[in-house]
Amino acid sequence: MNYTVLRVWGIPIRVNVSLLVFVPVLVWLIGSGEQLAAYEVVINAATPATVDAASLSAADRWLVATLAAVGLFASVTVHELGHAWVAMRYDIEVESITLWILGGLASLAEMPREWNREFWIAVAGPVASLLVGAACIGALFVVPESATVLVFAIGLLGVMNVSLVAFNMLPAFPMDGGRVLRAVLARNRSYVSATRTAARAGTLFAILFIFLGVVVTFSPVLVLVALFIYIGATSESRAVVLGDLLSGLTVTDLRSPREPVPVGATVETVFARLLAARRTDLPVADESGAIVGAITAAALRDIGPAEYETTTVGDVATTDLPRIDAETSAFDALQTLQRSRADVGFVVRDGEPIGLVSQADFAAALELRRETTAF
């Protein structure tokens, strides 16, 4: 569940409920004595500040942790706005920015396939984080060291942002470094091939992170990151391959011709047609010939074979299927069916259903393309 908290450049900034749960945990992780002592060493070595964790009172320690945790996700927002700013420069719509347990996600209406565009969109986030980190370190030159809590919090944010950049630029697709890797690979090879290679690299990093998070040091967050990388890499690789296989096709190209069955026909008659056509769905038409629904194998499960002779198609026809315009690209139509968790949808033209398209139609088209296309 996401909550919109503000808008920047017209982009809704949303907070996922997982973040609301995680922030108190992050405060606890940062505020523990051992953690602050470790951060003290890094801050003193990497910034102009000199801090002493032992000098902080219990209240100050938790205040530093709270400021750092909130500041970290504010920094993540700036990171995602960096991606968004460059994407908008390329006239790519940014639908939203969502903050969640593992950071942030800028949702683009489309991911550019031009290598240079993806490269600059990918590096814009880390550049924004570097600027935030540099600003924090610069601020330590002017903030008096007597303001211990503020100095510690700012120094911690500076270190966190630089660390965020270093981690994000690992070539673990679909993280920023992985997208940079795909962009560089796509200069000299196909987008599909570049995606496959980058996804393999992401999978290897996911395995490494799981090993580190389970065997070397118990870190649930690192395991979550590994799962995110693995799922993201495999799903995006699959989506790119599907998009390439279905490129140039519309729903009209995939819709197989099926003569509608009359709304008053018995299920027994329709069942015989389904068997003969080796299909699991047929359009249903009213007396005027207009398509008003669909009969599917799933609907037949709700009635027993003994009722086939007395039940009409109209009694069991499905009418709440996804509606997909006839000129919609095949890939977008497949995504619509998958998001709706539907096996079949209406193909519509001028607002009126003209037929059906099913997952089986997509499977047949994909099989044909795979057999006739080399990657």
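Up top is the structure.
## Structural notes on the packing of aromatic side chains
Aromatic ring pairs are defined here through the distance separating the ring centres and the angle between the ring planes. All chains considered together, the criterion is met by four aromatic pairs. A connected cluster of aromatic rings, assembled from ring pairs, spans F167, F205 and F209. Positioned above the aromatic ring of W115, the side-chain terminus of R187 is 4.5 Å from the ring centre.

## Examining helix α13 (residues 330-340)
When α13 is considered as a whole, its buried residues turn out to be A330, A333, L334 and L337. One side of α13 carries all its buried residues, which in axial view fall inside an arc of 100°. Lining the buried residues of α13 we find α8 (220-245), α9 (251-254), β8 (323-325), β9 (344-349), β10 (352-358) and α14 (359-372). Directly after α13, the chain includes R341, whose backbone phi takes a positive value near 55°.

## Observations regarding the sheet that holds strand β1 (residues 2-8)
Spatial strand order, β1-β2-β3-β4: four strands in an open sheet with mixed pairing. A single partner strand is all that each edge strand has here, and the edge strands are β1 and β4 (103-108). On average, adjacent strands in this sheet sit at an angle of 25° to one another, irrespective of strand direction. Relative to strand β2 (residues 11-16), β1 runs antiparallel, the two being bridged by six bridges. Following the sheet pairing, N2 is matched in β2 by N16. Together, β2 and β3 (94-100) form the strand contacts of helix α1 (residues 17-31), whose direction differs from that of β2 by roughly 55°.

## Quick notes on the pairing of strand β6 (residues 281-285)
The buried fraction of β6 amounts to five of the five residues, a majority that puts the element mostly inside the structure. Note: strand β5 (residues 261-262) against β6, two bridges, orientation parallel. Among the inter-strand pairings, P262 is bridged to a residue of β6, identified as A285. Summarising the sheet, β6 and strand β7 (residues 291-296) pair through five bridges and their orientation is antiparallel. By the bridge assignment, A285 is partnered in β7 with I291. Where β6 folds back onto β7 in an antiparallel hairpin, the turn is made up of five residues, including G289, whose phi is positive at roughly 95°.

## So, the sheet that holds β10
Pairing within the open sheet is mixed, and its three strands lie in the order β8-β9-β10. The two strands at the open ends of the sheet, each matched to only one other strand, are β8 and β10. When the angles between neighbouring strand axes are averaged without regard to direction, this sheet yields 40°. Direction of pairing for β9 relative to β10: antiparallel, over a ladder of six bridges. Bridge assignment links R349 to a residue of β10, and that residue is E352.

## Topic: unusual backbone geometry
Here the residue pair F173 and P174 is connected by a cis peptide bond, since its omega of 15° sits within 30 degrees of zero. Within the fold, P174 resides in the loop between α5 (148-168) and α6 (176-185). For D91, which is not glycine, the phi dihedral falls at a positive 60°. Structurally, the position occupied by D91 is in the loop between α3 (58-89) and β3. For D91, a relative accessible area of 70% corresponds to the exposed category. Of note in this structure, D350 is not a glycine but carries a positive phi near 55°.

Criteria and thresholds
- Residues numbered from 1 in each chain as written.
- Predicted model: local features only at pLDDT ≥ 70, side-chain atom pairs only at ≥ 80, totals over all residues.
- Heavy atoms only, no water.
- Phe/Tyr/Trp six-rings, centres within 6.5 Å; stacked < 30°, edge-to-face > 60°.
- Lys NZ or Arg CZ within 6 Å of the ring centre and 35° of its normal.
- Buried < 20%, exposed > 50% of the residue type's maximum accessible area, 1.4 Å probe, protein only.
- Helix = DSSP H or I, 4+ residues; strand = E, 2+ residues; numbered from the N terminus.
- Arc of directions from axis to C-beta.
- Contact = heavy atoms within 4.5 Å.
- Pairing = 2+ DSSP bridges.
- Axes fitted to C-alpha atoms, helices over the stretch in contact; angles between N-to-C directions.

Honestly, it's all geometry; don't read function into it.
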